[in-house]
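# Reading the structure
Read off the chains here:
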Amino acid sequence: MRDFDFVRPATISEAIAAAAGPGSAYLAGGTNLLDLMKGGITAPERIVDITRLPELNRIETLDDGGLRIGALVRNADLAHDPAFAKAYPAVAEALLSGASAQLRNAATVGGNLLQRTRCSYFYDTASACNRREPGSGCSALGGENRLHAILGWSDACIATHPSDFCVPLVALDAVVEIEGKQGRRHVTLEEFHRLPGDTPQRETVLEPGELIVAVRLPAEAASFAAHARYLKVRERTSYAFAVVSAAVALVVDGGKIRGARLALGGVAAKPWRARSAEAALLGADADEASFVRAADVALADASPSGDNAFKIELARRIVVRALISAKAGTPERIPALPASPFSSIPGVRHDA
Amino acid sequence: MTTLPLSLTVNGHHHELEVDTRVTLLDLLRERLELTGTKKGCDRGQCGACTVLVDGKRINSCLALAVSHDGAEVLTIEGVAHGEELHPVQAAFIAHDGFQCGFCTPGQIMSTLGLIAEGQAGADPERIREGLSGNICRCAAYGGIVEAVLEAQQQLARTDRRTAA
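For clarity, every value in this text was computed on a predicted model and none was experimentally measured.

Quick notes on the rules
Residues numbered from 1 in each chain as written. Chains lettered and ligands numbered in written order. Predicted model: local features only at pLDDT ≥ 70, side-chain atom pairs only at ≥ 80, totals over all residues. Heavy atoms only, no water. Core = buried A, V, L, I, M, F, W, Y, C linked by side-chain atoms within 4.5 Å. Buried < 20%, exposed > 50% of the residue type's maximum accessible area, 1.4 Å probe, protein only. Contact = heavy atoms within 4.5 Å. Axes fitted to C-alpha atoms, helices over the stretch in contact; angles between N-to-C directions. Helix = DSSP H or I, 4+ residues; strand = E, 2+ residues; numbered from the N terminus. Parallel < 35°, antiparallel > 145°, perpendicular 65-115°, else oblique. Left-handed = near helix turned anticlockwise from the far one by under 90°. Nonpolar A, V, L, I, M, F, W, Y, C, P; charged D, E, K, R; others polar. Salt bridge = Lys/Arg side-chain N within 4 Å of Asp/Glu carboxyl O. Pairing = 2+ DSSP bridges. Buried area = accessible area lost by both parts, 1.4 Å probe. Polar contact = N/O pair within 3.5 Å; in protein donor to acceptor, adjacent residues only side chain to side chain.

If you look at the biggest cluster of nonpolar residues, it comprises 40 residues, and the most contacted ones within it are Phe84, Leu113, Leu169, Leu189, Phe192 and Leu217 of chain A. Setting aside residues up to four positions removed in sequence, Leu113 of chain A forms contacts with His161, Phe165, Cys166, Leu169, Val176, Leu189, Phe192, His193, Ile212 and Val215 of chain A.

Okay, here's the thing in structure tokens:
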């Protein structure tokens, strides 16, 4: 590991000033940053340890009923907060289906938004990767790519964003609170992550030195609590990244869908909000036929980026399953256990 | 080489150190403090062999920069037993043949202590399996661990009741 300066600012403005120069990296939980440094994928000259910054580890209810989650709140602490899990069950479910207990105890809310792709060519410094080294090419194209993107990819990059947490957050209109030299600004999570285009190395809208200070959920996000699920399918039952996941939140009244939110994980370089599918669900009967139609709409623009055409059909089925289980109602015990092909979900036939 | 002062309490012993900023908590424990019970497996947060409790919570010590944990209280496998008396989790691992080899077992026991402290799994074997899924043994010698955890939880609950009474 390359030698680096280590600074521990006492205030947010000191942190922003310390991280303004090139080659700086913020350190919070460190669970992704240290992994990347050990692999030589990133080699910061200066580490700005923000773990002691005051007031960033709080969960606060805002005057308008929204929720403000400090960037340094640990994933496990957020998921196990009873009031949080009750109001935003799909988010708690997503948090607890991510990584392992050890990692969730260290990883933070802000860091989760900034974790890098797990594309194996990004991690292998002997491979070409436009995201790691702009202009070098993409070894994933034509490589081992069965887990790569099916939506929003470009010829420059077919990697996916690995976060579970971000999937229900984007469905629930989460907003990222960012502080930089110019002051504070708010960006929706939907706009926060960028699709690869010709510049896959620019993964988010953050400018150099800018710091995520909080994530906000609007008051309306809690109105879906009775019918909200996060369903994740992975290659083993736990502790693996999603092959495909879906966050679903419904308001159901008299058999009709009065509110619908849908986002997919594991399918694109960002958490994928399926707005057209949401529109298809609104006002429809809350039944399987409507769910299948919505799934078709959600995946209408999908295309394989390699050996991954199966993910399109898998994603359709995960959307339908997630909608059926959301309609059946949020389980009493949140978080529910992670999805397993062998565990039963209320209302879901095993052959569905 | 950049060094910084670091103050750390490990298994109840206080240390004032000067450490290279690049040193992980795992390497500090093993190489500087000679506490080699905590194992270096994958060194990338995937296997759980390096699990320790920091301020009461289990983490992967391989992904923790030591200098970032100034002032922390660390518990390693060496600090779990009371003298010759095994901790109930250790005793239950023996009773139920929950041992993997010496490489994975310390991390499994530390992770089990974390799991029980988190209080989320209860007596549900599925949740115990999920809760311990960050400890991966490539020999897959997991047999007996769930039974050991269930018994240790009962044992600890009995102890708590006695203490309370």
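Quick look at the packing of helix 12 (residues 288-298) of chain A against helix 13 (residues 310-328) of chain A now. Residue and element names in this part refer to chain A. Running from N to C, helix 12 and helix 13 cross one another at 140 degrees; their axes reach a closest spacing of 9 Å. When the axes of helix 12 and helix 13 are compared, the pair comes out oblique. Where helix 12 crosses over helix 13, the two elements pack in a sense that is right-handed. Between helix 12, through Glu288, Phe291, Val292, Ala294, Ala295 and Asp296, and helix 13, the contact on the second element is made entirely by Arg316, Val319, Val320, Leu323, Ile324 and Lys327. Residues belonging to the contact of helix 12 with helix 13 are distributed by class as follows: eight nonpolar, no polar and four charged.

The tally for this structure, following the rule as stated, stands at 35 salt bridges over all chains. Sharing partners across several salt bridges, the network here consists of Arg58, Glu60, Arg68, Glu177, Glu179, Arg184 and Arg216 of chain A.

Residue and element names in this part refer to chain B. Judged by pairing direction, the sheet is mixed, and its five strands sit side by side in the order 2-1-5-3-4 without closing on themselves. In this open sheet, the two edge strands, each paired with only one partner strand, are strand 2 (13-20) and strand 4 (57-60). Direction aside, neighbouring strands of the sheet carry axes that sit 40 degrees apart on average. In this sheet, strand 4 lies alongside strand 3 (residues 51-54) in antiparallel orientation, the contact comprising four bridges. Looking across to strand 4, one finds that Thr51 is bridged to Asn60. Along the sheet face, helix 1 (residues 25-32) touches strand 1 (3-10), strand 2, strand 3 and strand 5 (73-75) and points at about 110 degrees away from the line of strand 2. Along the sheet, helix 3 (residues 105-118) contacts strand 3, strand 4 and strand 5; its crossing angle with strand 3, the most-contacted strand, is approximately 40 degrees.

The next point concerns the pairing of strand 10 (residues 244-253) of chain A. All names here are of chain A. Counting buried positions over the 10 residues of strand 10 gives seven, a clear majority of the element. Of the pairings in the sheet, the one linking strand 9 (residues 228-233) to strand 10 comprises six bridges and is antiparallel in character. Bridging across to strand 10, Val233 finds its partner in Val244. Relative to strand 11 (residues 256-265), strand 10 runs antiparallel, the two sharing nine bridges. Bridge assignment links Asp253 to a residue of strand 11, and that residue is Lys256. Where strand 10 folds back on strand 11, the antiparallel hairpin that results is connected by two residues, among which Gly254 adopts a positive phi of roughly 55 degrees.

Take helix 5 (residues 89-97) of chain A next. Residue pairs three or four apart in sequence face the same way in an α-helix, which turns once every 3.6 residues. The element helix 5 of chain A is extensively covered by neighbouring structure, given that nine of its nine residues are classed as buried. The complete set of buried residues in helix 5 of chain A reads Pro89, Ala90, Val91, Ala92, Glu93, Ala94, Leu95, Leu96 and Ser97 of chain A. Where helix 5 of chain A is buried, its residues contact helix 3 (75-79), helix 4 (82-87), helix 6 (101-106), helix 9 (166-171) and strand 9 of chain A together with helix 4 (125-131) of chain B. Backbone geometry just downstream of helix 5 of chain A places Ala99 of chain A in the positive-phi region, at approximately 55 degrees.

Attention shifts here to the interface of chain B and chain A. A common way to express how large an interface is: the accessible area buried when the components associate. The interface is formed by 35 residues belonging to chain B together with 37 residues belonging to chain A. Roughly 3,000 Å² is buried in total at the junction of chain B and chain A, and carbon and sulfur atoms are behind 48% of that figure. Run the count over chain B and chain A and you get five salt bridges. Residues Arg8 of chain A and Asp70 of chain B are paired through a salt bridge, measuring 3.9 Å at the closest nitrogen-oxygen approach. Between chain B and chain A we count 22 residue pairs in polar contact (both at pLDDT 80 or more) in total. Of all the secondary-structure elements, those providing two or more residues to the side of chain B that touches chain A are strand 4, helix 3 and helix 4 of chain B. Here the residues of the side of chain B that touches chain A are counted per class, giving nine nonpolar, 16 polar and 10 charged.

It is worth spelling out helix 1 of chain B at this point. Residues and elements named next belong to chain B. Every buried residue of helix 1 is listed here: Leu25, Leu26, Asp27, Leu28 and Leu29. Those residues of helix 1 hidden inside the fold are in contact with strand 1, strand 2, strand 3 and strand 5. Looking one or two residues past helix 1, Glu34 carries a phi angle of roughly 55 degrees, positive in sign.

On to unusual backbone geometry, then. We note that Glu55 of chain A has phi near 70 degrees; this positive angle belongs to a residue other than glycine. With respect to the helices, strands and loops of the structure, Glu55 of chain A is situated in the loop between strand 3 (46-49) and strand 4 (59-61). Even without being glycine, Asp55 of chain B reaches a positive phi, approximately 50 degrees. Turning to its location among the elements, Asp55 of chain B is positioned in the loop between strand 3 and strand 4. On the basis of relative accessibility, which here comes to 52%, the residue Asp55 of chain B falls in the exposed class.

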